[in-house]
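Commentary on secondary and tertiary structure
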Amino acid sequence: MPDIYDLADQFRDRLLRHEREAASQMVRRYAGVYRRIQDEVSKTLDELDADLAAGESPSVAKLLQLQRLQQLQVQVRREVGQFAAWVEEQIQVGQTWAVDVAAADAERLMRAAIGRMPPGVFMSFNRLNRAATARIIAAVQDESPLARLLDSLGARAAELIKQELVNAVALGWGARRTAQAIREASGETLTRALRIARTETLRAYREGTRETYKANSDIVGEWEWRSARQVRTCAACWAMDGRRFPLDVPMSEHPNGRCMQLPVIDREKLGLPPGTSNRGAETGAQAFERMSEADKKRILGAKYEAYKRGEIMLADVVGTRHSEDWGDTIFERSARALGVSTARPAPDPVAEPRPEPAPQPPVPEPVPVAAVVPVSRAILDKTAEPGVAR
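Now for a quick tour of the structure. Computed from a prediction, not measured in an experiment: that's the story for all the values here.

Here is what the cut-offs are and how they apply
- Residues numbered from 1 in each chain as written.
- Predicted model: local features only at pLDDT ≥ 70, side-chain atom pairs only at ≥ 80, totals over all residues.
- Heavy atoms only, no water.
- Buried < 20%, exposed > 50% of the residue type's maximum accessible area, 1.4 Å probe, protein only.
- Helix = DSSP H or I, 4+ residues; strand = E, 2+ residues; numbered from the N terminus.
- Pairing = 2+ DSSP bridges.
- Phe/Tyr/Trp six-rings, centres within 6.5 Å; stacked < 30°, edge-to-face > 60°.
- Lys NZ or Arg CZ within 6 Å of the ring centre and 35° of its normal.
- Contact = heavy atoms within 4.5 Å.
- Core = buried A, V, L, I, M, F, W, Y, C linked by side-chain atoms within 4.5 Å.
- 1 Å grid on protein atoms, 1.4 Å probe; cavity = no way out; pocket = protein on both sides within 12 Å on 5 of 7 lines; lining within 4 Å.
- Points joined across faces, edges and corners; volume = space filled by probe spheres on them.
- Nonpolar A, V, L, I, M, F, W, Y, C, P; charged D, E, K, R; others polar.

1. Some thoughts on the pairing of strand E3 (residues 260–265)
Across the six residues of E3, six count as buried, placing the element largely inside the fold. Burial along E3 is two-sided: the residues Met260, Leu262 and Val264 and Gln261, Pro263 and Ile265 are all buried. Alignment of strand E1 (residues 220–226) against E3, held across six bridges, turns out to be antiparallel. Note on E3: the bridge partner recorded for Val220 is Ile265.

Here it is in structure tokens:
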């Protein structure tokens, strides 16, 4: 039987697969939008080329006066606006799905956290009510911050494309460079739409999970932050992993976040014997310590050396931003914000080895020299010998 952590990983993987399918559909939809925008861009460039062929040098002032440019901007706002309206519908569909799935997943997570019940003991769980579901999905309704953000996509896309055309004329870009710039400007709109859709679908899932825990507050006392614990998991989420929060506190996950909320069961309060529970389990910071130095460096980036030197702890990288529209969201603080050096420490100076002295030739043994005997002594010695007259 999978434990609570295995279940959380399974639910996350399924949620992300669903999100990728929705993203693929969005990309295909936007491809048609881009083709129609590109047609209008080509017509604008054709007018500039015609002026050039007639001997008129293209200028920014001339570009801004072109009626074709005005038509292009209107076309972009209309096309992207229609795309944004479609995205809004898809987000609502995705959120409804996410909330329903979250309620079922939360119940399975609670059962896994409780573990095997004593014989003859049964437990039922309260389901998410309609009011909570409506409150979660209402974030995308008219006049909501999300609705305003989606509505702004068209005007922003028109302004980006206009600016790239101005750059092309002012800097004398060729057709290929101009087309690339327009493609990148158009791509930013798609990137923003994908990020908004993913973030809001995941937010709905997390809120559906939390609301289900709240509906069962007699069983669940808190929720616990659980990251994906992968190399591409940001350092802030690694640091948040294992922290526990009251059920009234929403998860302050950053955009595109993949973290989950686990139920914390008070077994003693329920009169249950000790069993499988996420209480006392390894935190994200503890798991991070067991990673290879290469993986730690990939996750921490420029902050790795300061972390290795012990100047900062993993918890220090977590920052929080507050928005009146979006509430609190965490972010990863930079090395500059932390006031730490990103340079590697200089190695300790190593004394240069002294060269070995050159071998010296062996000193020859001294040759014994006969003692010098005075002449007078030699004469006396001779005369002292037997048989020698004095």
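2. Here we look at the packing of aromatic side chains
Counted under the stated rule, the structure contains seven aromatic pairs. For the pair Trp223 and Phe245, a centre-to-centre distance of 4.6 Å together with 25° between the ring planes defines the contact as stacked. In this pair, Trp223 is assigned in strand E1 and Phe245 in strand E2 (residues 244–246), connecting sequence segments 22 residues apart. Summarising the burial analysis for this pair, Trp223 and Phe245 share the class buried. Every member of this aromatic cluster is reached through a ring pair, and the members are Tyr30, Phe83 and Trp86. Over the aromatic face of Trp173 sits the side chain of Arg177, whose NZ or CZ is 4.1 Å from the ring centroid. The ring of Phe331 has Arg321 sitting right over it, with the charged end atom 3.9 Å from the ring centre.

3. Description of the side chain of Glu40
Mapped onto the elements, Glu40 comes out in helix H1 (residues 4–53). The class for Glu40 is buried, based on a relative accessible area of 13%. With residues up to four places along the chain from it excluded, the contact list for Glu40 reads Arg68, Leu72 and Gln75.

4. Digging into the nonpolar core
One finds Tyr205, Tyr213, Trp225, Phe288, Leu300 and Leu314 to be the most contacted residues of the largest nonpolar core, which totals 60 residues. Considering every element that reaches this core, the biggest residue donor is helix H3 (residues 67–114), with eleven residues. If we skip the residues at most four places from it in the chain, Trp225 touches Cys237, Met240, Asp241, Gly242, Arg243, Phe245, Met251, Ser252, Glu253, Cys259, Met260 and Ile330. With 32 residues, the next largest nonpolar core counts Ile37, Leu48, Leu165 and Val169 among its residues.

5. Side note on the layout of surface pockets
Of the volumes computed, that of the largest pocket is approximately 850 Å³. Surrounding the largest pocket, 31 residues form its lining, Glu200, Arg203, Trp326, Gly327 and Thr329 being those nearest its centre. Residue assignment for the lining of the largest pocket shows that the elements contributing at least two residues are helix H5 (145–171), helix H6 (175–215), strand E4 (318–323) and strand E5 (327–332). The dominant element in the lining of the largest pocket, judged by the number of residues it contributes, is H6, at nine residues. Broken down by class, the residue content of the lining of the largest pocket amounts to 13 nonpolar, seven polar and eleven charged.

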